[in-house]
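Commentary on secondary and tertiary structure
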Amino acid sequence: MKKFSSLLHNLILTPSRNTKIKLLQDYFKILDINRAYALAILSDQLSFQFIKASKLRELVYEQVDQHLFDYSYDYVGDLAETISLIWPTNKEGKSQNLSTLIENIKKIKKSEINKEFSKVLSELSNNERWTLIKICTGGLRIGVSERLVKMALADLYNKSVNEIEEIWHGLEFPYENLFQWLKNEKSKPKIDFKKLFHPMMLANPIDEEKDFKRLDANEFQAEYKWDGIRVQLMVSSNSVSLYSRTGDNISSAFPEIIETTKGDAVIDGELLVGGNFKPSGFNDLQQRLNRKKASKELQKKFPVFIRAYDILFYKGKDLRKLSLVERRKYLEKFQKENTTNQIDLSTIINFSTWEALTKYKNNFYDDLNEGVMIKLKNSEYLPGRKKGYWYKWKKNPKLVDAILMYAQRGHGKRSSYYSDFTFGVWEENELVPIGKAYSGYTDKELLVLDKFIRNNTTNKFGPVREVKKEIILEVAFDDVFPSNRHKSGVAMRFPRIHRIRWDKPINEVLSIKEFKKEFKID
Amino acid sequence: MDFINHQLFIKDINVHIDPILPKKTAIITHGHADHARFGHDHVIATKQTIDIMKIRYGDKCAKKFTPLRYGQKYSIKNFDFTLYPAGHILGSAQVLIEKNNHRLVITGDYKVGKDETCKNFKLVKCDTLITEATFGLPIFQHPDPKDEIQKLIRSVKINKNNCHIVGAYALGKAQRVMNLLRQQKYDERIYIHGSLEKLCQYYSKEKINIGKFEKVSSKDKSFYEGKIIIAPPSALKDRWSRRFPNPIICMASGWMTVKQRAKQQGIELPLVISDHSDWNELLDTIKKSKAKNILITHGQEDALVYYCKKQNLVSKPLSIQGRNDEEIE
């Protein structure tokens, strides 16, 4: 555990990618069972059923005064780090094996969690405790992607990272077959590709200035970009399953898709809410997300369908090495053979100049599409976010000027800065908050805002600071909906700080009435 | 205790403690820039603090200086002032103010732990305690500085082709790091940023063991491989640091307790070495001072005020203008 936690400690503090790879390789060179746990942890595949963030808070409140913990958490901005530092005992020395420790924790009975897991935490050093809590809460956020781990392994054993990528989702703890293959002791693990979630091909944002000069419009085609959730649908004669972008099986939440789909294929598409293939906005889709099951009533009120973009397998045949245009033919064939009310095809937009594409990006479906996807016609289906094949070109965001009202310290890399901003518009002579944003600003702007907040606090509500009403923020957002959960009656989708409007006096900011009128909210 | 206001100003006799702006009479607890300023008429402080002020701001940085020994009483009308060691940096002092049998102590910045570079902290019993709270949260529990300095020495041994640049405040922390290295038998010459030179010379003159040191010069890049260089934190991000071969950026500070902080500042080797008291030391000092009235300033007041109230002590935060937040030396 000591070795693994100092690996994580060093990884989080090392800015250099090469040094990170080297640190990982030095660790993986050691040939023991710890290595398998390390791989599971680094790729976020290990979790403990009974120990989540809320349980950890419960445990720490048993150890230290709740208010003192809250003050500290507000300051540190990271749960694992706060708990590890504030935990009253700190025994350096007697260190357990990573694998033994994890196996022992897995054996703890639910009824004894509080006592037993607290005991485990008390027997670790600060850094080990931090590591263990990070493992429990998942998502290490140490600046190491799954991809980087695969690269380190590939490079260490002279394999190609794509080969690892291909079999990755078919591997299982403790990855014996993977390590044996890496060390050339056995051949590449055999994976049943039909049952396997295939990592999706993702797009990069287009850089209008650079890319449009560089790229030939004739080599590309476009599709509308839809604001739903990206899914992979696996259909075979005996089963249908639906996966989210991260490979989670979400079949049970969308029974109407599972029940109606026929054929033999792996389809890539967007899950949307709406009847008759007319999408009705993300707000409606949210009613169907994060649910384990969907009642008949819910299915009727918020019907879902899949807009298919691509096809990876057709009748057992791997199409991923074919060009996009070739794959499209198979997709159309699949659709013709298995027509249902739950799947339609994404429309292809042909164009000859980038200029001509602009109108599709901005206007065509009015508010319902988010922009366009630009795809190289002869692109293979490549996992991950490879450069040069697929691009996304988002609509220009909506903009509004609003007044900074409250601020809170951020988390993660922005911890300790006042980086979460609540802003509002006028309602009579008072301000009413319309949203909260914690991104979009430059590092320099953040420093300016942070300083302003520290020097102009007029009131404190726990961790929230109210500030002098002086700063106008130009806020960009993707969309705005009516909402009865907020005082203002509106909820923004993905608001972010576009810039600070030093030039504008605060009395020129809109009223909530004017705001609703401008963005067509009744 | 109502004779002193929230700006640490005693109106009856027109005396300030650590004022930000030029004043008639200023008692200065120590030489850091957020406490010792240029331009007062009359400065009262330890001799070492006065020396340091003269090094930093010139001989004429005040019109008149009154040096006090630790424990020596100085009276203005019916107020008696006595300075006691604060253990923060060379020359640092707490101020005891006595009036009509009421004893008030202003700790200034202080640390309880051992330090060879200055006189160690002396606990002074009092009725009212005005304490700093730079590390006033229970997450701050400073480790043994010897273990931290060993991390640096080990890293220097392992990474022979790199140089280690240690960020440390020019006054106090830099010399403490040098002294800690010497205590751990690191006998190599230590290289320093130009802005540290005069202060290091002064520490040497005051017989603090910081060993051999030399200002960084425009030598061949490879010369600094395997060496330790000490520089003020501001220089770490500056072009200055790029002249060195594969630098490993280190920082000696109590803030380094929090990994996310270290990461934000691009620190690869954090060294938790603090010249302030940690949480337990703050609580201990409050308890042992026997004070019933606790005023809290400089830093994370909220948690400490909450704690004191729970102990049935009268407590409130004292917000001193211009010292709102964390960028304290």
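Computed from a predicted model, the values in this text were never measured in an experiment.

Examining the overall build of chain A
Counting its regular elements, chain A contains 20 helices and 19 strands. Relative to a compact globule of 522 residues, whose C-alpha radius of gyration would be 24 Å, chain A shows 26 Å and is just as compact. Taking all 522 residues of chain A together, 33% fall into the buried category. Residue pairs at least 24 apart in sequence account for 69% of intrachain contacts in chain A once pairs closer than 6 positions are excluded.

A closer look at the domain arrangement of chain B
When the parts come together, some accessible area is lost, and that loss is often what is quoted as the size of the interface. Residue and element names in this part refer to chain B. What the domain assignment reports for chain B is domain 1 (9-139 + 276-317) and domain 2 (145-271). Facing the 14 residues of domain 1 at the interface are 15 residues of domain 2. The residue makeup of the side of domain 1 that touches domain 2, split by class, is 6 nonpolar, 5 polar and 3 charged.

A few points about the sheet that holds strand 5 (residues 62-68) of chain B
Residues and elements named next belong to chain B. Spatial ordering of the open sheet is given by 1-2-3-4-5, a layout of 5 strands whose pairing is mixed. What marks the edges here is a single partner per strand, and that holds for strand 1 (9-10) and strand 5. In the sheet, strand 1 pairs with strand 2 (residues 15-17) via 2 bridges, with the strands oriented antiparallel. Across the sheet, Phe9 pairs through a bridge with His16, a residue of strand 2.

Re the environment of Thr134(B)
On the secondary structure map, Thr134(B) appears in the loop between strand 10 (128-133) and helix 2 (145-158). Considering only alpha carbons, one finds Thr134(B) and Gln300(B), 166 residues apart in sequence, at a separation of 5.9 Å.

Focus: helix 17 (residues 324-337) of chain A
Residue and element names in this part refer to chain A. Compared with the 20 Å implied by 1.5 Å per residue over 14 residues, the 20 Å span of helix 17 between its first and last C-alpha is a close match. Along helix 17, the positions that sit buried rather than exposed are Leu324, Arg327, Arg328, Leu331 and Phe334. Buried residues of helix 17, viewed axially, fall in a sector of 120 degrees; they line one side.

Structural notes on the interface of chain B and chain A
Each partner contributes residues to the interface: chain B has 21 residues there, and chain A has 22 residues. At the level of elements, helix 6 (259-264) and helix 8 (301-310) of chain B are the ones that each hand at least two residues to the side of chain B that touches chain A. Counting residues per element, the side of chain B that touches chain A draws most heavily on helix 6 of chain B, at 6 residues. A per-class count over the side of chain B that touches chain A returns 9 nonpolar, 6 polar and 6 charged.

Some thoughts on the environment of Lys205(B)
You can see Lys205(B) is positioned in helix 4 (residues 197-205). Once the C-alpha coordinates of Lys205(B) and Trp255(B) are considered, the two residues, 50 residues apart in sequence, prove to be 30 Å apart.

Here's the deal with the nonpolar core
Membership of the largest hydrophobic core comes to 142 residues, with the highest contact counts inside it found for Val166(B), Val177(B), Ile230(B), Cys250(B) and Leu271(B). With 6 residues, helix 5 (residues 66-76) of chain A is the single largest residue contributor to this core. Per-domain counts for this core show at least three residues from each of domain 1 (9-139 + 276-317) and domain 2 (145-271) of chain B. Other than its neighbours up to four places away in sequence, Ile230(B) contacts Val166(B), Ala168(B), Ala174(B), Val177(B), Met178(B), Ile190(B), Ile192(B), His193(B) and Leu196(B). Membership of the second largest hydrophobic core comes to 44 residues, among which are Leu233(A), Ala253(A), Leu271(A) and Tyr391(A).

As for the pairing of strand 15 (residues 247-252) of chain B
Residues and elements named next belong to chain B. In the sheet, strand 11 (residues 163-167) pairs with strand 15 via 5 bridges, with the strands oriented parallel. Within strand 15, the position partnered with His164 by the bridge is Ile248. Pairing of strand 15 with strand 16 (residues 269-271) involves 3 bridges; the strand directions are parallel. Opposite Ala252, over in strand 16, you have Leu271 as the bridge partner. Viewed along the sheet, the connection from strand 15 through helix 6 into strand 16 turns out right-handed.

With respect to the confidence of the model for chain B
Residues and elements named next belong to chain B. In this model, chain B carries a mean pLDDT of 93, and residues with pLDDT of at least 70 account for 96%. A low-confidence stretch, residues 324-329 (pLDDT under 50), is modelled with 12 contacts involving residues beyond four sequence positions or located in other chains. Scored as a complex, the prediction yields pTM 0.76 and ipTM 0.92.

A short note on the domain arrangement of chain A
Residue and element names in this part refer to chain A. What the domain assignment reports for chain A is domain 1 (204-394) and domain 2 (398-518). Across the contact, 4 residues belong to domain 1 and 4 residues belong to domain 2. Of the residues in the side of domain 1 that touches domain 2, the class split is 1 nonpolar, 1 polar and 2 charged.

Cut-off values and rules
Residues numbered from 1 in each chain as written. Chains lettered and ligands numbered in written order. Predicted model: local features only at pLDDT ≥ 70, side-chain atom pairs only at ≥ 80, totals over all residues. Helix = DSSP H or I, 4+ residues; strand = E, 2+ residues; numbered from the N terminus. Rg over C-alpha atoms; globule rule 2.2 N^0.38 Å. Buried ≥ 20, exposed ≤ 12 C-beta atoms within 10 Å, placed from the backbone. Contact = placed C-beta atoms within 7 Å. Domains from an automatic or database assignment. Nonpolar A, V, L, I, M, F, W, Y, C, P; charged D, E, K, R; others polar. Pairing = 2+ DSSP bridges. Expected span 1.5 Å × (residues − 1). Arc of directions from axis to C-beta. Core = buried A, V, L, I, M, F, W, Y, C linked by C-beta atoms within 7 Å. Right-handed = clockwise from strand over helix to strand, strands pointing away. pLDDT = per-residue confidence, 0-100.

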